[in-house]
Each structure stands twice: as C-alpha cells, then as structure tokens.
Amino acid sequence: MGITYTTVGDLKVGSYVIIDGEPCRVVEITKAKTGKHGSAKANVVAIGVFSGAKKTLMAPVDQQVEVPIIEKHVGQIIADMGDKIQVMDLETYETFEMEKPTEDELVSKIRPNAEVEYWEIMGRRKIVRVK
C-alpha cells in the first residue's frame, strides 16, 4: 500500500502524514508539555494532498503515525479529456487516465505532449508539476 511509520514528534513542517486515511502535507506543528505524569502532546495541522482539506491531529509525541510513501514519476500528456487527462509514463510507457489538476498554475499549462511530474501515493496519482 506504500506506507511507513514514524512518531508524531518526528514530524516536521513540509513532511507528509496520513490523517483519517488521507495523505496530507504538514503545515504547522505545535507542541505542548503536560503535567508531571503526562507525556508531551503535539497538535499537527496538515492539508490533504488530494482533497485540499485541512486536517488536524492531536496526539502524544511518542505515538506512531502512518507516513505515505511517495513515488515520483515523469510522464507525458497524451490527451486532454475534459475532467481527466491521459498520461504515458516516460519510463515504463504505461498509459493511464488520471484526474486533471485543479490548481490554476497547473491547469493553464496542461496540453498534449507536455511533460509532467506526477506522484503516486497510496494507489492514487496526482500531477504536481507541468514542465
């Protein structure tokens, strides 16, 4: 499935974590020390990679969390099919359809033959850059 583990205390801003089954990028971490017998807690704020939704995780710093393994690939756009695009991986020559990105800076560059960097995370694909 492409998952590894780390502790909440090892997360940093910019790292990735899975919250509620959604791979997310950490945007803010606040750590709070508790009383004599409690362990330190961390409040992690992250943005969903696919949903764009803000998620929070409040947990002890020594708690294990899942981290998505991100596979980075390069592909070429073969066809723009409205809400989906057809992409060919430039290493394996596999062709597949994927969701068209919604970010304005990517949408404006989508055209046939454009090279893209896409990430595969937990069996889902997302375009992160159009060259």
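An unreviewed UniProt entry lists the protein chain under the name Translation initiation factor 5A, with Saccharolobus caldissimus as the source organism. As stated in UniProt under Sequence similarities (unreviewed entry), the record for the protein chain gives "Belongs to the eIF-5A family." Quoted straight from UniProt, the Subcellular location (unreviewed entry) entry for the protein chain says "Cytoplasm".

Draft legend 1. Geometry of the pairing of strand β5 (residues 54-60). Two strands pair when backbone bridges link them, and strand β4 (residues 41-48) and β5 are joined in this way by seven bridges, in the antiparallel orientation. Bridge assignment links Ile-47 to a residue of β5, and that residue is Lys-54. What sits between the antiparallel neighbours β4 and β5 is a turn of five residues, in which Gly-52 has the positive phi angle 75°.

Draft legend 2. View of the pairing of strand β3 (residues 22-32). Summarising the sheet, strand β2 (residues 16-19) and β3 pair through four bridges and their orientation is antiparallel. The residue bridging Ile-19 from the neighbouring strand is Glu-22, located in β3. Between β2 and the antiparallel strand that follows it, β3, lie two residues; Asp-20 among them carries a positive phi value of about 55°. With eight bridges joining them, β3 and β4 adopt antiparallel strand pairing. Residue pairing in the sheet places Val-26 in a bridge with Ala-46 of β4.

Draft legend 3. How the structure looks around the UniProt feature "domain: Translation initiation factor 5A C-terminal" (unreviewed entry) in the protein chain. According to UniProt, the feature "domain: Translation initiation factor 5A C-terminal" (unreviewed entry) maps to residues 69-131 in the numbering used here. In residues 69-131, the share of helix is 6% and the share of strand is 59%. The end C-alpha atoms are 23 Å apart.

Draft legend 4. Region of interest: the sheet that holds β2. Spatially, β2-β3-β4-β5 is the arrangement adopted by the four strands of the open sheet, whose pairing is antiparallel. On the outer flanks of this sheet lie β2 and β5, each paired with one strand and no other. Averaged over neighbouring strand pairs, the angle between their axes works out to 45° when direction is ignored.

Parameters and conventions
- Residues numbered from 1 in each chain as written.
- Predicted model: local features only at pLDDT ≥ 70, side-chain atom pairs only at ≥ 80, totals over all residues.
- Heavy atoms only, no water.
- UniProt positions renumbered as here; feature names shortened; annotations may be inferred.
- Pairing = 2+ DSSP bridges.
- Helix = DSSP H or I, 4+ residues; strand = E, 2+ residues; numbered from the N terminus.
- Axes fitted to C-alpha atoms, helices over the stretch in contact; angles between N-to-C directions.

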